[in-house]
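In case you want the letters, here they are:
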Amino acid sequence: MSSRTDQTSTLSPTRVRLALLALALGGFGIGSTEFVAMGLLPEIGRDLLPALAASSPDDANAQAGWIISAYALGVVVGAPTIAALAARWPRKRLLLALLTAFTLGTVASAVLPSFELVLAARFLSALPHGAYFGIASLVAASLMGPGKRARGVALVLSGLTIANVIGVPLITWLGQAQGWRTAYLAVAGIFALTFVAVALAVPWQPGDPGATMKRELRAFSRAQVWFALAIGAIGFGGLFAVYSYVAPLATEVTGLPAAMVPVVLVAFGLGMTIGNFVGGRLADWSVRRSMYLFFAVLAVSLFVLGLTASNPVGLFVGVFLIGGSSAALSPTIQARLMDVARDSQSIAAALNHSALNIGNSLGALLGGLAIAGGLGYVAPIWIGLALTFAGIALAIASFAIDRSRGRRGVVVPYATGAMEVVEV
C-alpha cells in the first residue's frame with residue numbers, strides 16, 4: 001500500500017500523543033484569536049472608534065463588540081460550507097490549508113487601518129474555525145478509537161480552553177501594554193507554529209471517499225440536527241452574554257483595576273479547562289444526562305453571578321463556574337450532533353461550532369443592546385440566564401422526541417471502518 005493511506009492503526013503511543021498535542025495547539029490558537037478581543041474591547045474601541053470613545057466609552061465598547069459578532073458569523077458561515085465541500089479531502093491536507101487561512105486572516109486583522117476593514121478581516125479569518133475543529137475532532141476520534149469519541153473531541157477542544165488560562169490572559173496583557181494589534185500578531189505566530197506541528201506530527205488520513213455534498217447536507221433534513229443546533233446556539237448564548245463584556249463588568253461593577261482583567265480571564269479559563277475534560281468523559285457515559293447536568297450548573301452559576309458581581313469573590317467564583325459548565329457542554333453537544341447526523345459526520349463535527357458561535361453572536365449582541373440601552377453591565381448576566389433556560393427547554397424537547405420514537409441508541413461510523421453504538 002502507498003504511504004498515502006490511513007496510518008492511524010500503525011502509530012506508536014508517543015506518536016499518537018504528539019499528533020493530539022499538535023491538533024490541540026490549533027485549538028489554542030483558535031481560542032486565543034476568538035476570545036482575546038473580549039479583554040481588549042476598550043483598547044480596540046479607543047483605537048478604531050476614537051470619536052465615539054471620546055464621547056461615550058460605553059457606546060464604543062458596545063460597537064467594538066461587533067468584532068466578536070463578526071467572527072462568530074464567519075464561523076457560522078464557514079463551518080458547514082467548508083465541511084461539505086471538502087469532506088473528500090485528505091484530512092491532514094485540509095487541516096494545513098485551514099491553518100494557512102487562519103494565519104493570513106489574523107495578520108490582516110492586525111494591520112488593517114479602519115474599523116470596517118478589521119470587521120471584515122475578523123469575519124474572513126473565522127471561516128476556517130468550525131471546519132478545523134470538526135476535522136481535527138474526527139482525526140482525534142480515530143486516534144483514540146471506539147468508546148473514547150467524546151474524549152477525543154475534548155482533547156482537541158482542550159487547546160481552546162487552555163488558551164483561556166494561559167494564552168488569552170497573556171495576550172490580553174500584551175495587548176494592553178503594546179497595543180491590541182501586537183496581540184493579534186502574536187496569535188498569528190501561534191497559527192504558524194501549529195502549521196509546522198501538524199505537518200510533522202499528524203498522520204496522513206484519507207478523506208471520506210463516499211462523501212458528497214448532497215450526503216453531507218442531508219443532515220439538515222433531520223429534525224434532531226436542528227434541535228441540537230438550537231440547543232448550542234441558544235443555550236450557549238448564556239456564556240457569551242457574560243464573557244463578551246467581562247472586562248467592563250470587572251472594572252465598572254466589581255471595581256477592579258484594568259490590570260486584574262487578565263486574572264479574571266484566567267479564572268474563566270481554568271473553569272473551561274476542567275469543564276471540558278469532565279464534559280468529554282461524562283458525555284461518553286451519557287450525552288442526555290450530561291447535558292441536563294451541565295445546563296443546570298450553568299443556570300445556577302449565572303444566577304449567583306448576577307447577585308454577587310459587585311463582590312470580587314462572587315465575580316471570580318461565578319466566572320469559574322460559568323466557564324466550567326459551558327465548556328463541559330461543548331463536547332456533549334458535539335457528541336449529540338454526531339449521533340443524530342448519522343452518516344453526515346464531517347458536517348456534523350463542524351456544525352457544533354456554527355451553533356456555538358451563533359450563541360457567541362447572539363449573546364454578544366443582546367448583551368451589547370442591554371448595555372447601550374443603559375441597563376448596565378449586570379444586565380447581560382440575566383440575558384444569559386434566560387438563554388440558558390431556553391436551551392434547557394430545547395434539550396428536554398429533543399430527548400422527549402427520541403423517547404416517543406422508541407430510540408435508545410445509534411450507530412456511529414469511524415473513518416477506520418469501526419462502528420460504535422451509543423446511547424441517545
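Computed from a prediction, not measured in an experiment: that's the story for all the values here.

Thresholds, definitions, all that
- Residues numbered from 1 in each chain as written.
- Predicted model: local features only at pLDDT ≥ 70, side-chain atom pairs only at ≥ 80, totals over all residues.
- Heavy atoms only, no water.
- Helix = DSSP H or I, 4+ residues; strand = E, 2+ residues; numbered from the N terminus.
- Buried < 20%, exposed > 50% of the residue type's maximum accessible area, 1.4 Å probe, protein only.
- Contact = heavy atoms within 4.5 Å.
- Areas by Shrake-Rupley, 256 points an atom, 1.4 Å probe, with all protein chains shown as cover.
- Phe/Tyr/Trp six-rings, centres within 6.5 Å; stacked < 30°, edge-to-face > 60°.
- Core = buried A, V, L, I, M, F, W, Y, C linked by side-chain atoms within 4.5 Å.
- Axes fitted to C-alpha atoms, helices over the stretch in contact; angles between N-to-C directions.
- Parallel < 35°, antiparallel > 145°, perpendicular 65-115°, else oblique.
- Salt bridge = Lys/Arg side-chain N within 4 Å of Asp/Glu carboxyl O.

A. Inspection of the overall build of the protein at higher detail. Looking only at helices and strands, the protein features 19 helices and two strands. Across the 424 residues in the protein, those meeting the buried criterion constitute 58%. Put simply, 82% of the contacts in the protein that link residues at least 6 apart link residues at least 24 apart. Per element, the accessible surface of the protein, about 15200 Å² overall, is 70% carbon and sulfur.

B. Inspection of the packing of aromatic side chains at higher detail. Tallied over the entire structure, the rule returns nine aromatic pairs. With 6.5 Å between their ring centres and 75° between their planes, Phe102 and Tyr132 make a pair best called edge-to-face. A residue pair is termed long-range when its members are at least 10 positions apart, and Phe102 in helix α6 (residues 91–111) and Tyr132 in helix α8 (residues 129–144) qualify at 30 residues. Across the pair, Tyr132 and Phe102 agree in class, each one buried. Ring centres of Tyr292 and Phe399 lie 5.8 Å apart, and the angle between their planes is 80°; on these two criteria the pair is classed as edge-to-face. With Tyr292 in helix α16 (residues 287–308) and Phe399 in helix α19 (residues 379–404), the pair connects residues that are 107 residues apart, well separated along the chain. Classification of Tyr292 by relative accessible area gives partly exposed; the value is 27%. Judged by its relative accessible area of 1%, Phe399 is buried. By the ring-pair criterion, three or more aromatic residues cluster together here, those being Phe102, Tyr132, Phe133 and Phe191.

C. Representation of the nonpolar core. With 118 residues, the main nonpolar core has Leu23, Tyr132, Tyr243 and Met291 as its most contacted residues. If we skip the residues at most four places from it in the chain, Tyr132 touches Ala22, Leu23, Gly26, Gly27, Ile30, Leu95, Leu98, Leu99, Phe102 and Thr194.

D. Region of interest: the packing of helix α1 (residues 13–39) against helix α2 (residues 41–48). Contact geometry of α1 with α2 gives a least axis separation of 5 Å together with a crossing angle of 80°. Relative to α2, the element α1 lies roughly perpendicular. Every residue of α2 that contacts α1 at Ala37, Met38 and Gly39 is listed here: Leu41, Glu43 and Ile44.

E. Highlighting the pattern of salt bridges. Across all of its chains, the model carries three salt bridges by this definition. Across the pair Glu43 and Arg46 runs a salt bridge whose closest N-O atoms are separated by 3.7 Å. Of this pair, Glu43 and Arg46 are both found in helix α2, three residues apart, which corresponds to roughly one turn of the helix. Given the relative accessible area of 17%, Glu43 is considered buried. Arg181 is the partner of Asp47 in a salt bridge, and the nearest nitrogen-oxygen pair spans 3.5 Å. Residue Asp47 is located in helix α2, and its partner Arg181 is located in helix α10 (residues 180–201); the two are separated by 134 residues in the primary sequence. A relative accessible area of 38% places Asp47 in the partly exposed class. With a relative accessible area of 23%, Arg181 lands in the partly exposed category.

In short, shape yes, function no, at least from these values alone.
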